[in-house]
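# Report on the structure
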Amino acid sequence: MGKVIASITTSVDGYVTGPDDGPQYGLGRGGERLHYWVMGGPWSYEGGHDFAMHGTDKEFYDELVSTMASGVVGRGMYDAAGAWGGTNPFPGTLFVLTHRTADQPAAETGFQFVSDLDTALAQAAEAAGDGDVAVGGGADVIRQALAAGKVDELVISTAPVILGAGKRLFEGFDRDMDLEVVKVYSSPYATHVRYKVTK
């Protein structure tokens, strides 16, 4: 098995969404600024957007996903992303952590609903083979995986914005952990830091 790599984007003040996140506003009101690096520049929910990642951001992303072979995300992220239009856009099967497994989509969509983190990570590791397992949002899933000692690498992309409200990445997290900086990338839209979680 490869590594378990948790990655997420935050504001400078530690929010992973703005207020009112969900299907209507995805990353919340003002939260789209967190993903300017993903879209290649400013975009909004009302105005539509293209996926035009480029430069340092694309270099960072391509390197990050090059070893990914499956992933785990929370139901909130799945719902807020509109189930990515009904098809998993990421490498390998995406295991969705949810208490509502009855509405499991068809297998060919690339999504598998799972009711607990340990099962999700075990199935993702099996599906990944020698590849890495990605752990994405939301923040609660990443906190759970870190607290359980399952994360080998934590990747935080910090957007140059202060949101002031929303969901914080480390809200209620009370663990003391050491991290080692592995690599840093910087662009006008984000500073991406890959940390090794020292165990």
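About the thresholds
Numbering of residues starts from 1 in every chain and runs along the sequence as written. Local features in a predicted model are, by the rule used here, given only for residues with pLDDT of at least 70; side-chain atom pairs are given and counted only at 80 or more, and totals for whole chains, interfaces and linings are based on all residues. The basis for every side-chain value is the complete set of heavy atoms in the structure, and neither hydrogens nor water enter the calculation. A run of H or I in DSSP becomes a helix once it reaches four residues, and a run of E becomes a strand once it reaches two; helices and strands are each numbered from the N terminus. We compute the radius of gyration from the C-alpha atoms alone; for a globule the expected value is 2.2 Å times N to the 0.38, where N is the number of residues. Exposure is judged per residue with a 1.4 Å probe applied to protein chains only, and the accessible area is read against the type maximum: over 50% gives exposed, under 20% gives buried, and values in between give partly exposed. Any two residues whose heavy atoms approach within 4.5 Å are treated as being in contact. For every accessible area listed, the method is Shrake-Rupley and the probe measures 1.4 Å; residues are considered covered only by the protein chains on display. We count Lys and Arg on the positive side and Asp and Glu on the negative side, and we leave His and both chain ends out. The location of each charge is read from NZ of Lys, CZ of Arg, CG of Asp or CD of Glu. At least two DSSP bridges between two strands are needed for those strands to be called paired. Axis lines are fitted to C-alpha atoms, over the contacting stretch for helices. Their N-to-C directions set the angle, which ranges from 0 to 180 degrees. Each pair of aromatic rings taken from Phe, Tyr and Trp, with Trp reduced to its six-membered ring, is defined by centres within 6.5 Å and is described as stacked if the planes are under 30 degrees apart, edge-to-face if over 60, and tilted in the remaining cases.

For the protein, the name recorded in an unreviewed UniProt entry is Dihydrofolate reductase family protein, with Phytohabitans maris as its organism.

Each helix and strand counted, the protein has five helices and 10 strands in total. Relative to the 2.2 N^0.38 estimate, which gives 16 Å for 199 residues, the radius of gyration of the protein is 16 Å and therefore close to what a compact globule would have. Its C-alpha atoms put the protein at 35 × 35 × 35 Å along the principal axes. Buried positions account for 44% of the 199 residues belonging to the protein. Across the protein, contacts joining residues at least 24 apart in sequence account for 61% of those joining residues at least 6 apart. Surface summary for the protein: the accessible area is close to 9,600 Å², and the carbon and sulfur share equals 51%. Across the protein, the 15 positively charged side chains and the 26 negatively charged ones have centroids separated by 2 Å.

Attention now moves to the sheet that holds strand S5 (residues 111-114). Note on sheets: strands pair through backbone hydrogen bonds, and any given pair is parallel or antiparallel. Within the open sheet, the eight strands sit side by side as S5-S4-S3-S6-S1-S7-S10-S9. Their pairing is mixed. The sheet is open, and its two edges are formed by S5 and strand S9 (178-186), each paired on a single side. For this sheet, the mean inter-axis angle between neighbouring strands, taken without regard to orientation, is 25 degrees. Each of strand S1 (4-11), strand S3 (68-74), strand S7 (153-159), S9 and strand S10 (191-198) touches helix H2 (residues 55-65); the most contacted strand, S9, lies at about 135 degrees to it. Packed onto the sheet, helix H4 (residues 117-128) meets S1, S3, strand S4 (94-97), S5 and strand S6 (132-135) and runs at close to 165 degrees relative to S3.

With that out of the way, let us pick up the packing of aromatic side chains. Within this structure, the stated rule accounts for nine aromatic pairs. Consider the rings of Trp 84 and Phe 111, whose centres lie 6.0 Å apart with planes at 20 degrees: the pair is stacked. Of this pair, Trp 84 sits in the loop between helix H3 (75-80) and S4 while Phe 111 sits in strand S5, and the two are 27 residues apart along the sequence. Feature note: the residues Tyr 78, Trp 84, Phe 90, Phe 111 and Phe 113 constitute an aromatic cluster, connected by ring pairs.

Moving on, we get to helix H5 (residues 139-147). Residues that lie three or four places apart on an α-helix share one face, since the helix turns once every 3.6 residues. When we look at burial in H5, the residues that qualify are Ala 139, Val 141, Ile 142, Arg 143, Ala 145 and Leu 146. Downstream of H5 by one or two residues, Gly 149 has phi in the positive range, about 75 degrees.

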